[in-house]
Amino acid sequence: MRQTPMMERRRMDASLLVLLLGHLAAALEVPLDLPQPPTITHQSPKDYIIDPRENIIIHCEAKGKPHPSFSWTRNGTHFDIEEDPNVSMKPHSGTLIVDISGAKAEQYECVYQCTARNKHGTAVSHNIVVRQSRSPLWSKERISPMVVQEGVSLVLPCRPPAGLPPPIIFWMDNNFQRLPQSNRVSQSLNGDLYFSNVLREDSRNDYICYARFPYTQTIQQKQPISLKVLSLDAINDTMAAFYNDTDLFNDPADERKPTFLVPSGPSSSKTVLRGQVLEMECIAEGLPTPDISWTKVSGELPAKRTYFLHYQRTLRIENVSESDAGDYRCTAKNKLGSVHHNIHVMVKAAPYWISAQPRNLVLAPGENGVLTCRASGTPKPSITWAMNGIPIENSPKDLSRKVEDDTIIFTDVQTGSSAVYQCNVSNAYGYLLSNAFINVLSEPPRVLTPANKVYQVIKNHRALMDCASFGSPIPKITWFKDSRSSTLDGDPYILHDNGTIEIHTAQAHNAGKYTCVARNSLGKEENHILLEVKEPTRILKQPEYKVVQRGRSAVFQCKVKHDPSLIPTMTWLKDDGELPDDERFYVDSDSLTITEVSEIDAGVYTCIMNTTLDHDSASAELTVVERPDPPSDLELTDQKKRSIQLTWTPGDEHNSPIQKFLIQYEDSLHHRGHWHNLTEVPGTRTTAHLKLSPYAHYTFRVLGHNAVGFSRPSFPSRVYKTEPAAPDENPTGVQGLGTQHDNLVISWKPLTGLQSNGPGLHYRVMWRQKAVNSDWNTASVVNTSKFVVSGTPTFVPYELKVQAVNDHGAAPDPAIAHGFSGEDLPVAAPNNVQVMVLNSTLAEVHWDPVPSKFIRGHLKGYKVYYWKEHSLHKHNPHHVEQEILTFSGNHTHGKLPGLHPYSLYSFNVRIYNGKGEGPASTTQEFETPEGGRTRENVLSFFLFFFKHFNNSNELGPVEELALSANETSVTLSNLRHSTRYKFYLNAKTVRGAGPTISQETVTIMDEAVASRQVDIATQGWFIGLMCAIALLILILLIICFIQRNKGGKYPVKEKEDAHTDPEFQPMKDDDCTFGEYSDNEDHKPLKGSRTPSNGTVKRDDSDDSLVDYGEGGDGQFNEDGSFIGQYSGKSVSRETAEGHESSEAPSPINAMNSLNSFV
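Sequence order sets the numbering: in each chain, residues are counted from 1 along the sequence as written. In keeping with the predicted nature of the model, local features appear solely for residues at pLDDT of at least 70, side-chain atom pairs appear and are counted solely at 80 or more, and the whole-chain, interface and lining totals rest on all residues. Working from all heavy atoms in the structure, the side-chain values ignore hydrogens and water.

**Focus: a nonpolar patch on the surface**
Phase 1: Together, L1031, L1032, L1034, I1035, L1036, I1038, I1039, F1041 and I1042 make up an exposed nonpolar region whose accessible area comes to about 860 Å².
Phase 2: By the criteria applied, helices consist of DSSP H or I runs no shorter than four residues and strands consist of E runs no shorter than two, each listed in order from the N terminus. Secondary-structure assignment places I1039 in helix α6 (residues 1020–1045). Like charges within 9 Å and nonpolar side chains (Val, Leu, Ile, Met, Phe, Trp, Tyr) within 5 Å are joined into patches, using only residues over 30% in relative accessible area that form no salt bridge. Residue burial considers only the protein chains on display, and all accessible areas are found by Shrake-Rupley using a 1.4 Å probe. Salt bridges are counted wherever a side-chain nitrogen of Lys or Arg sits within 4 Å of a carboxyl oxygen of Asp or Glu.

**What about the side chain of T928?**
Phase 1: One can find T928 in the loop between β78 (924–927) and β79 (941–948).
Phase 2: Among the polar contacts listed, one links the side chain of T928 to the backbone nitrogen of Y902, at a separation of 2.9 Å.
Phase 3: Discounting residues that sit within four places of it in the chain, T928 has contacts with V837, S840, L872, L899, H900, P901, Y902, S903 and Y905. We call two N or O atoms a polar contact when they sit within 3.5 Å, provided that within protein one can donate a hydrogen and the other can accept it, with sequence-adjacent residues counted only if both atoms are side-chain atoms. Note on contacts: a residue pair qualifies if any of its non-hydrogen atoms lie within 4.5 Å across the two residues.

**A look at the environment of E844**
Phase 1: Assignment of secondary structure puts E844 in strand β73 (residues 842–848).
Phase 2: Placed 52 residues apart in sequence, E844 and L896 show a C-alpha to C-alpha distance of 6.0 Å.
Phase 3: Every residue in contact with E844, bar those within four places of it in the chain, is listed here: Q834, V835, M836, L838, H893, G894 and K895.
Phase 4: In terms of polar contacts, E844 uses its side chain to reach the side chain of H846, at 3.2 Å.

**Some remarks on the nonpolar core**
Phase 1: Think of a nonpolar core as a cluster: buried Ala, Val, Leu, Ile, Met, Phe, Trp, Tyr and Cys residues, connected wherever their side-chain atoms sit within 4.5 Å. Working definition: with a 1.4 Å probe on protein chains only, accessible area under 20% of the residue-type maximum means buried, over 50% means exposed, and in between means partly exposed. The biggest cluster of nonpolar side chains holds 31 residues, and the ones touching the most others in it are I56, I58, W72, Y112 and V130.
Phase 2: Within the residue set of this core, elements represented by two or more residues are β2 (47–50), β3 (56–58), β4 (60–65), β5 (69–74), β8 (96–98), β9 (111–118) and β11 (128–132).
Phase 3: Here this core gets three residues from one element, more than from any other, and that element is β9.
Phase 4: What V130 contacts, discounting residues up to four positions off in sequence, is Y48, I50, I56, I58, Y108, E109, C110 and Y112.

**Looking at the packing of aromatic side chains**
Phase 1: Each Phe, Tyr or Trp ring, with Trp reduced to its six-membered ring, pairs with another whose centre is within 6.5 Å; inter-plane angles below 30 degrees give stacked pairs, above 60 give edge-to-face pairs, and intermediate values give tilted ones. Tallying each qualifying case throughout the model produces 19 aromatic pairs.
Phase 2: With a centroid separation of 6.0 Å and 45° between ring planes, the pair formed by F176 and Y210 is classed as tilted. Here F176 is found in the loop between β14 (168–172) and β15 (185–187), whereas its partner Y210 is found in strand β17 (residues 204–213), with 34 residues between them in sequence.
Phase 3: Since its relative accessible area comes to 4%, Y210 is described here as buried.
Phase 4: Relative to Y514, the ring of Y493 has its centre 6.4 Å away and its plane inclined at 70°; by these criteria the two rings are edge-to-face. With Y493 in strand β43 (residues 493–495) and Y514 in strand β45 (residues 512–520), this pair connects stretches of sequence that are 21 residues apart.
Phase 5: A ring has a charge above it when a Lys NZ or an Arg CZ is no more than 6 Å from the ring centre and no more than 35 degrees off the ring normal. Sitting above the plane of the Y352 ring, R274 keeps its charged end 3.6 Å from the centroid.
Phase 6: If you follow K863 out to its NZ or CZ, it ends over the ring of Y912, 4.8 Å from the centre.

**Digging into the pattern of salt bridges**
Phase 1: Scanning all chains against the criterion turns up 34 salt bridges.
Phase 2: A salt bridge links R184 to D202, with the nearest nitrogen and oxygen atoms 2.7 Å apart. One end of the pair, R184, is in the loop between β14 and β15; the other, D202, is in the loop between β16 (193–195) and β17, and 18 residues separate them in sequence. There is no split in this pair, since R184 and D202 are both buried.
Phase 3: Taking the shortest distance from any N to any O, the salt bridge between E502 and R462 comes out at 3.1 Å.

**Examining the sheet that holds strand β40 (residues 463–465)**
Phase 1: In short, DSSP must find at least two bridges between two strands for them to pair. The strand order across the open sheet formed by three strands is β40-β44-β43, and the pairing between neighbours is antiparallel. In this open sheet, the two strands that pair with only one neighbour each are β40 and β43. Here the average twist between neighbouring strands, direction ignored, is 20°.
Phase 2: Sheet analysis places β40 next to strand β44 (residues 501–503), joined by three bridges and oriented antiparallel. Residue pairing across strands places M465 opposite I501, the latter belonging to β44. Fitted lines through C-alpha atoms give the axes, limited to the stretch in contact for helices. The angle between two N-to-C directions lies from 0 to 180 degrees.

**Comments concerning unusual backbone geometry**
Phase 1: In this chain, L287 is followed by P288 through a cis amide linkage whose omega measures 5°.
Phase 2: With respect to the helices and strands, P288 occurs in the loop between β23 (283–287) and β24 (291–296).
Phase 3: In the segment running from D491 into P492, the intervening peptide bond is cis, with an omega of 5°.
Phase 4: For F176, which is not a glycine, the phi torsion comes out positive at approximately 60°.
Phase 5: Even without being a glycine, D405 presents a positive backbone phi close to 55°.

**Brief notes about the sheet that holds β16**
Phase 1: Taken in spatial order, the three strands make up an open sheet running β13-β16-β15, and their pairing is antiparallel. Sheet topology places β13 (154–156) and β15 at the edges, where each strand pairs with a single neighbour. On average, each strand axis in the sheet is inclined to that of its neighbour by 20°, with strand direction left out of account.
Phase 2: Sheet topology places β15 next to β16; three bridges connect them, and they run antiparallel. Along β16, the bridge assignment pairs V185 with F195.

**A short note on the pairing of β24**
A regular strand places its side chains on the two faces of the sheet in alternate fashion.
Phase 1: The two faces of β24 differ: I292, W294 and K296 on one face are buried, but D291, S293 and T295 on the other face are not.
Phase 2: In this structure, β24 lies alongside strand β27 (residues 326–334), joined through six bridges in antiparallel fashion. Paired with T295 across the two strands is R329, which belongs to β27.

**Regarding the side chain of T95**
Phase 1: With respect to the helices and strands, the residue T95 is situated in the loop between β7 (87–89) and β8.
Phase 2: Looking at T95, its side chain comes within polar contact range of the main-chain nitrogen of C60, at 3.2 Å.
Phase 3: Among the polar contacts listed, one links the side chain of T95 to the side chain of E61, at a separation of 2.9 Å.
Phase 4: Residue contacts for T95: discarding those within four places in its chain leaves I57, I58, H59, C60, E61, S88, M89 and K90.

Spatial relationships are all this shows, so hold off on functional conclusions.
Structure below.
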């Protein structure tokens, strides 16, 4: 059988558990370089079944010092191997090999026992009973056909030949297909086939019983059994042909209460051995077929070890113990009654060890010891002792040895007392034989665990470090860590008898170097061991449950954290087995991707991260869903004139429950080839009661719907035709509207063919004027959905009705609808029109409503026509564009926004209806006052100036640019590199120039030029010059300080006062404004000027100042290009401006950005 990764992992876990227990309970091992009696290490089983076609190999292996010699007994007497040419013994071994090519295997079916001896003692094996497996042929027999009456019980016997071991029985047909079994037909434990009652479908001629013999792997078959089951009439006809008697069977097989076929009688008993499998069966016949149930009369059935097989007919209890003894009851029951059978179970036990079997003893001269052979069984077994294969009572007397039942006590043993003792425990059901030696040695300690062995353990797990040792007397083990400051004894350390030290929960600080020391009276020996504590492997992101539609991809994430020193291996499993060998499965370092998933991919996926020390795993289920399969088996029942019952069978849900069913229909009489939705029903239902219309040829189909979507439609049902009838309903959407001033158009939504209910559909149209006691006018129309009434008064209300009629009658009296005849243009204009000017850009118009008799239609609203005649400024041109404002509904006033200040406007008002506009009212005029923005305070352009500083720090000639009002930036080219410039900007309107702002900056050196220059900062002469200048400045500062204390001016100040710009002589030092462009009344602060103490700049009282239109000082332009931001009253402090100058690197880009911040 192929081992899956999950099976291997579980086996590894089990091996670790066995290894762990072995650490704590290993038997004493004597190194093979020391003298020791023989020990049997391997032998064939007690009941040894061989294949007669292969050579016979009887195993017997032993160890000892010196190496033991071997001999055999056969059937209790010495077996001289050299005298039998077919038998040989393997070198350095006691294993026998029997060559059967020259002999028959039957000759070697005997009881064998192996003896291994050296000068220190003799060990013997248990008795090995050799038997060859047998698969005898079925005896020749003629089986007559069986003819039985329907309903009776029947047993088909198998009776296979006795084999060794017993064969496995099963029933098949001629095609090697297993015969179906059920609670009515089942196989018994002995292989017979039982029928509680036979049915006619049980008739066949190939009931064949097969026997498979496992050792020889052969299958033999019994002759086929022919069975014919006949009804009562068929049996009478058949028998009459032979006996001329037609009254052989008068009564059919009646229904009957159960009776047991196996076992017989009301009770029985069964004996089973402890540890084996208990199987009990109860097979009953009856009609109807009885059901079988089991109970334990004297207690409860062991749930974890109990299994019910063969449709409850067999009760199986595994690993039987004494507690399973007692009375069991099987009950057979059908509707006619029940029957019981009690089985008394007795549990016997072959001998078994209560504790471990006897262990070897290694004693130093003068020491004491005990050999214990403690076993039990039912009945209680007897215990006998032997020494070196000889009954102990026949062995030489030894004063240091005392036998007490199952114990031998040794006192003050001496050299030469070594021997092998055999303990034999037996009762009627078996025996146990165990060898244990006593070896008297004087040996100093030796540590058997390899030196410097490295143990690795996971943090928070148990750590076990071995110090296997040998010595006689038995050495005492002590442990130390690192500095050997103290022995390791007590929490967290646990020292076991075999020298192993245990740390129950290892932590990082437990890692390090350990030393174990073995001491006895003859000396000591030590060994060093290293312990490494590793971080555990953990899955941080587990795979999650996935529901994926067929054909799409599924991705399972499995992110893992592990100790970096351990090599991880990621394994993915599907349903605890290997992943399919399919390219659609792609495994990445931390994920599994399945593309184009299908139903076979559904299952549980597990990611396992393995290291050499631990592992972690996580699982998630993949459910593959798809649209449901189409329903099938549509059936129409309960047919009525106006309804029918539809039944169907749902299709496969594909793992997504069906939420609803959609039922559609096709009317092949009126709309062939078109399917319409009829109704929906919940997904738990498979029938629907459908309401139908007369005069239709219905075909139905059903679609299932789940979370994925709709299935394909089912195959259509058969056609169902309904009979015609009078219409059930009248047309909807009846309305009356006039297309001309003297007509009325009546329209409606026509009935569908399905709504017509019969042939000859037409419409009866009725109308009359509302509020006039007149009779209904009637007209009949066919194949149309409107009717025109001519010669009507203008815009008069009407009452309307449209009734559906066919060859089988008329629909119920229709409801009355309302409409109006055609509209005409209004004939009157609004009166009492007045205007009220609210401000320079807004006016409000008022009027009286037009009387309804002059509207001649549905009032839609009023329209105000207005236009600007001209501006009241003489130099502004005339404006004649006409604008219209519409006021829907019955309004009597409206506002005219967006007017131009100081302008003359004309306007009139008109009413309009669905037909159009009426006449205009008398045209009137009004003027808007001043107050809006005019030409005088609209920004015209910007004036931009700039000058550069020369080498003496004096301003050079001015250069001037005029910028249009909509420009917000300017790029200057051909400036001098590494030169300081000063820029000025002010705005200008027709009233004059505004305040000036300024900004200084330094241009940077061009990269190409810089690359050609020498870095003077690294030249020696430059460094010397800078030092001299620094010294000179220091002297000047001292002189200035002295003069200031005397109240005089220092020369630098005088020099600054003497140097004024000849080009800008009018510019004042106080406010930095230009004399020829500045307004003496406007003193705006420039960069570096002082502001009032409140931090604001006082503006003048000029009405034309741009400050009047400022909206918050954000430095932006208004829609018409006027500059409004800089004049909003904000100022810049000296400290902030100077801070910007000193902190930013001088460059043209920074200079322009600084300038733009003012613009």
